[in-house]
Amino acid sequence: MSSAINELTYRDKKLIFSDTVPSGKIGWQSPSNIALVKYWGKMPVQVPRNPSLSFTLSKSNTKTRIEYTSASGRDMKVDFYLNDQPNPEFGLKTKAFFESISDIFPFIRQLDFKIYSENTFPHSAGIASSASGMSALALTLCDLERTHFGNLTEDADFYRKASYVARLGSGSACRSVYGGLVDWGKSKVLANSSDLYGIPVGDQVNEVFLTYQDTVLLVNAEQKKVSSRAGHSLMNNNPFAPERFQQAQRHIGELLEAMKAGDLETFIKITESEALTLHAMMMTSQPYYLLMKANTLQIIERIFAFRDETNIPVSFTLDAGPNVHLLYPFSEKEKVMQWIKSELREFLSPLGFIDDEVGKGPVKL
Ligand code: DP6
């Protein structure tokens, strides 16, 4: 690694084109992820108040292609197209993000950008696209560096920097650059863990979790009334926050133990507790707010009853929204699908559900 790089900031003044400024196209597809232990609460700059753990998904992806040419003027130019339609709002957001990371990639200021992005999940599904979108963008920028400066040739360096940069765009995005189970945030039980980037930990768990299913039940596709960004900042004054941050630390250790052992009972207890604690934090913030809908609770009640009756280890987790992620082993898929179609359909929005599962991580396009 070059001596001009400060390892903690990745600032590198040498990443400037000295002769001809190149043009080209680079693209990456990157998945969304679902947290099992939740990141909720942060410090500047995007440093989490507690470690989190997530499954990277397989089918919910963002594909991002960047076309870059030599800058035509002094002001940075970022034209953004979402599903082939110009999207000036995303263009402005991406420009602001690029400016904020231009000490990491100084060459950004020498280029004009056309960014083409599409999500493989319905835009209106109420599924957060920031994790897949920001990780795809970060991977593409690191690939631009690798292509033109010959750096980051080792995969470990490449993905670590991509994770670091993705984190600056959206915290949870730093977990999407790896497949399987991923930790982000310093934890006593994981020697290499860091608050600044994610690390893959999937090789430590029982094989049942390598093909774990996540069927996302779409309860309500409305835009959230309170953004995650605002929700994180409300943790600063939540009286229960200090205990919550400690609980997350404990949960990381306990959940990893259970996942190593293939202990589904403990897996269910911890992940469901995490989901409900996340929403309890919203309900105990000032101002307080609720993101669950009546049908979210209907579904949760049905899950408890179905598990009692059948002993099938199906459980739920929740994002910062009303949709329910149904988690279960692949071996139970047929029975769970039948049950969703016969008993849960009435609680779903017209978009129905997204049938996803643990995935292998991003791919270059
Ligand atoms: C509830 O990563 O979307 O999904 O860092 O402000 O972009 P920002 O927040 P974001 O928060 C995700 C919160 C969560 C839990 C999680 O994914 O760990």
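Below is a summary of the structure that appears in this document.

Parameters at a glance
Residues numbered from 1 in each chain as written. Predicted model: local features only at pLDDT ≥ 70, side-chain atom pairs only at ≥ 80, totals over all residues. Heavy atoms only, no water. Helix = DSSP H or I, 4+ residues; strand = E, 2+ residues; numbered from the N terminus. Rg over C-alpha atoms; globule rule 2.2 N^0.38 Å. Buried < 20%, exposed > 50% of the residue type's maximum accessible area, 1.4 Å probe, protein only. Near = heavy atom within 4 Å. Polar contact = N/O pair within 3.5 Å; in protein donor to acceptor, adjacent residues only side chain to side chain. Areas by Shrake-Rupley, 256 points an atom, 1.4 Å probe, with all protein chains shown as cover. Nonpolar A, V, L, I, M, F, W, Y, C, P; charged D, E, K, R; others polar. Domains from an automatic or database assignment. Core = buried A, V, L, I, M, F, W, Y, C linked by side-chain atoms within 4.5 Å. Contact = heavy atoms within 4.5 Å.

## A word on the overall build of the protein
A tally of helices and strands in the protein yields eight helices and 14 strands. Here the C-alpha radius of gyration of the protein, 21 Å, is about what a compact globule of 365 residues would show, namely 21 Å. Oriented by its inertia axes, the alpha-carbon framework of the protein measures out at about 70 × 45 × 40 Å. The buried share of the protein, taken over its 365 residues, is 56%.

## A short note on the site of the ligand
Close to the ligand lie 17 residues, the nearest being Y39, K42, S170, S172 and R175. At 2.7 Å, a side-chain N or O of K42 approaches an oxygen atom of the ligand. Compared with its free state, where it exposes 460 Å², the ligand has 93% of that area covered by protein. It is helix α4 (residues 228–234) that contributes the most residues to the shell around the ligand, three residues altogether. Residue composition of the shell around the ligand, by class: five nonpolar, seven polar and five charged. When residues are assigned to domains, the shell around the ligand turns out to be shared by domain 1 (24–204) and domain 2 (207–357), each giving three or more.

## Some remarks on the nonpolar core
Ranked by internal contacts, the top residues of the largest apolar core, which has 67 residues, are F55, F98, F113 and F267. Examining the composition of this core, we find that eight residues originate from one element, helix α2 (residues 130–149), more than from any other. Three or more residues apiece are contributed to this core by two domains, here domain 1 (24–204) and domain 2 (207–357). Once you skip the residues sitting within four places of it in the chain, F55 turns out to touch N33, I34, L36, G180, L181, F209, Y212, M259, F267 and V358. In this structure, F306, V314, V336 and I340 belong to the second largest nonpolar core, which totals 22 residues.

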